[in-house]
Amino acid sequence: MKLASIRAAGGRISLLLALMAVVAFFLVSAVPDRRIPILIYHEIGPLGGGDREMFIDPHVFRLHMRHLKEQGYTSITLKELHAHYTKRQPLPRNPVV
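Predicted, not measured: the structure shown is a model, and the values here were computed from it. (Residues numbered from 1 in each chain as written. Predicted model: local features only at pLDDT ≥ 70, side-chain atom pairs only at ≥ 80, totals over all residues. Heavy atoms only, no water.)

## Concerning the overall build of the protein
Looking only at helices and strands, one finds 4 helices and 6 strands in the protein. Along the protein, from the amino end to the carboxyl end, the secondary structure elements read α-α-β-β-β-β-α-β-α-β. Going through the 97 residues of the protein one by one, you find that 28% of them count as buried. Of the contacts formed within the protein by residues at least 6 apart in sequence, a portion of 38% connects residues at least 24 apart. (Helix = DSSP H or I, 4+ residues; strand = E, 2+ residues; numbered from the N terminus. Buried < 20%, exposed > 50% of the residue type's maximum accessible area, 1.4 Å probe, protein only. Contact = heavy atoms within 4.5 Å.)

Structure representation (C-alpha coordinates):
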(Lines give C-alpha, C1' and ligand atoms only; values in the text may rest on other atoms or scores of the structure.)
Protein backbone atom coordinates (compact mmCIF):
# COMPACT_ATOMS: atom_id res chain seq x y z
CA MET A 1 0.00 0.00 0.00
CA LYS A 2 1.40 3.37 -1.01
CA LEU A 3 1.37 6.42 1.21
CA ALA A 4 -0.42 8.28 -1.57
CA SER A 5 -3.33 5.83 -1.42
CA ILE A 6 -3.67 6.36 2.32
CA ARG A 7 -3.69 10.12 1.84
CA ALA A 8 -6.18 9.73 -1.03
CA ALA A 9 -8.42 7.78 1.33
CA GLY A 10 -8.65 10.75 3.62
CA GLY A 11 -5.63 10.11 5.80
CA ARG A 12 -3.80 13.25 6.79
CA ILE A 13 -0.95 11.60 8.60
CA SER A 14 2.17 10.17 7.00
CA LEU A 15 2.38 6.38 6.98
CA LEU A 16 4.99 6.41 9.71
CA LEU A 17 2.92 8.63 11.95
CA ALA A 18 -0.26 6.81 11.02
CA LEU A 19 1.16 3.44 11.97
CA MET A 20 2.53 4.94 15.12
CA ALA A 21 -0.64 7.05 15.55
CA VAL A 22 0.35 8.40 18.89
CA VAL A 23 2.29 5.23 19.64
CA ALA A 24 3.97 4.08 22.72
CA PHE A 25 6.45 2.29 20.46
CA PHE A 26 9.27 0.14 21.80
CA LEU A 27 8.81 -2.36 24.54
CA VAL A 28 12.06 -4.20 24.92
CA SER A 29 11.40 -7.85 25.60
CA ALA A 30 13.56 -10.32 27.46
CA VAL A 31 15.45 -10.80 24.20
CA PRO A 32 17.48 -7.55 24.19
CA ASP A 33 17.22 -6.80 20.46
CA ARG A 34 13.55 -7.63 20.05
CA ARG A 35 11.18 -4.69 20.07
CA ILE A 36 7.43 -5.11 19.89
CA PRO A 37 5.37 -2.17 18.60
CA ILE A 38 2.27 -1.11 20.50
CA LEU A 39 -0.13 1.00 18.47
CA ILE A 40 -2.40 3.37 20.35
CA TYR A 41 -5.28 5.02 18.57
CA HIS A 42 -6.97 7.52 20.84
CA GLU A 43 -10.19 7.81 18.85
CA ILE A 44 -11.42 6.02 15.75
CA GLY A 45 -14.26 7.99 14.26
CA PRO A 46 -15.24 10.93 12.09
CA LEU A 47 -12.82 13.85 12.14
CA GLY A 48 -14.81 16.49 13.89
CA GLY A 49 -14.06 19.60 15.89
CA GLY A 50 -11.71 19.75 18.81
CA ASP A 51 -8.42 17.94 18.88
CA ARG A 52 -8.36 16.56 15.33
CA GLU A 53 -4.93 14.93 15.63
CA MET A 54 -6.42 12.60 18.25
CA PHE A 55 -8.91 11.15 15.73
CA ILE A 56 -8.48 8.79 12.80
CA ASP A 57 -11.14 8.08 10.21
CA PRO A 58 -12.45 4.47 10.37
CA HIS A 59 -11.63 3.90 6.68
CA VAL A 60 -8.04 5.03 7.20
CA PHE A 61 -7.80 2.80 10.30
CA ARG A 62 -8.88 -0.18 8.18
CA LEU A 63 -6.17 0.72 5.65
CA HIS A 64 -3.59 0.72 8.44
CA MET A 65 -4.71 -2.69 9.68
CA ARG A 66 -4.69 -4.10 6.14
CA HIS A 67 -1.18 -2.74 5.60
CA LEU A 68 0.07 -4.40 8.80
CA LYS A 69 -1.47 -7.71 7.72
CA GLU A 70 0.06 -7.43 4.24
CA GLN A 71 3.46 -6.78 5.84
CA GLY A 72 3.22 -10.00 7.85
CA TYR A 73 2.36 -8.59 11.27
CA THR A 74 0.21 -10.59 13.69
CA SER A 75 -1.82 -8.82 16.33
CA ILE A 76 -1.46 -9.92 19.93
CA THR A 77 -3.12 -8.80 23.15
CA LEU A 78 -1.49 -7.11 26.11
CA LYS A 79 -2.22 -10.29 28.05
CA GLU A 80 -0.18 -12.31 25.54
CA LEU A 81 2.64 -9.78 25.70
CA HIS A 82 2.63 -9.93 29.50
CA ALA A 83 2.79 -13.75 29.38
CA HIS A 84 5.75 -13.45 27.04
CA TYR A 85 7.62 -11.25 29.51
CA THR A 86 6.68 -13.04 32.70
CA LYS A 87 6.38 -16.68 31.60
CA ARG A 88 8.48 -16.68 28.44
CA GLN A 89 5.45 -17.68 26.36
CA PRO A 90 6.34 -17.66 22.66
CA LEU A 91 4.98 -14.95 20.39
CA PRO A 92 4.15 -15.19 16.69
CA ARG A 93 6.55 -13.80 14.15
CA ASN A 94 6.21 -10.00 13.77
CA PRO A 95 3.86 -9.36 16.68
CA VAL A 96 2.13 -6.01 17.18
CA VAL A 97 -0.18 -4.97 20.00
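Next, the rest of the story.
## Focus on the nonpolar core
Counting 6 residues, the largest nonpolar core is built from L39, Y41, I56, V60, L68 and V96. Core analysis: the second largest hydrophobic core is formed by 5 residues, I36, I76, L81 and L91 among them. (Core = buried A, V, L, I, M, F, W, Y, C linked by side-chain atoms within 4.5 Å.)

## Re the environment of P58
Checked against the element boundaries, P58 lands in helix 3 (residues 58–70). Other than its neighbours up to four places away in sequence, P58 contacts I44, G45 and P46.

## A closer look at the packing of aromatic side chains
One pass over the structure, following the stated rule, counts 1 aromatic pair. When the ring of Y41 is compared with that of F61, the centres are 4.9 Å apart and the planes differ by 90 degrees; the resulting orientation is edge-to-face. Taken together, the positions of Y41 in the loop between strand 2 (35–38) and strand 3 (43–44) and F61 in helix 3 put the pair 20 residues apart, joining distant regions of the chain. Owing to a relative accessible area of 18%, Y41 belongs among the buried residues under this scheme. (Phe/Tyr/Trp six-rings, centres within 6.5 Å; stacked < 30°, edge-to-face > 60°.)

## A few points about the environment of G45
You can see G45 is positioned in the loop between strand 3 and strand 4 (55–56). Residue class for G45 comes out buried when judged on its relative accessible area of 6%. Taking the C-alpha atoms as reference, G45 lies 6.4 Å from F55; in sequence the two are 10 residues apart. Those residues within four positions of G45 in sequence are excluded, and the remaining contacts are F55, I56, D57 and P58.

## With respect to unusual backbone geometry
The general pattern is negative phi for most residues beyond glycine and trans for most peptide bonds. One non-glycine residue with positive phi stands out, namely R88, at about 60 degrees. Mapping R88 onto the fold places it in the loop between helix 4 (78–87) and strand 6 (95–96). R88 sits in the exposed class, given a relative accessible area of 63%. Unlike most non-glycine residues, N94 shows phi in positive territory, near 55 degrees. Topologically, N94 is positioned in the loop between helix 4 and strand 6. According to the relative accessible area criterion, N94 is partly exposed, its value standing at 30%.

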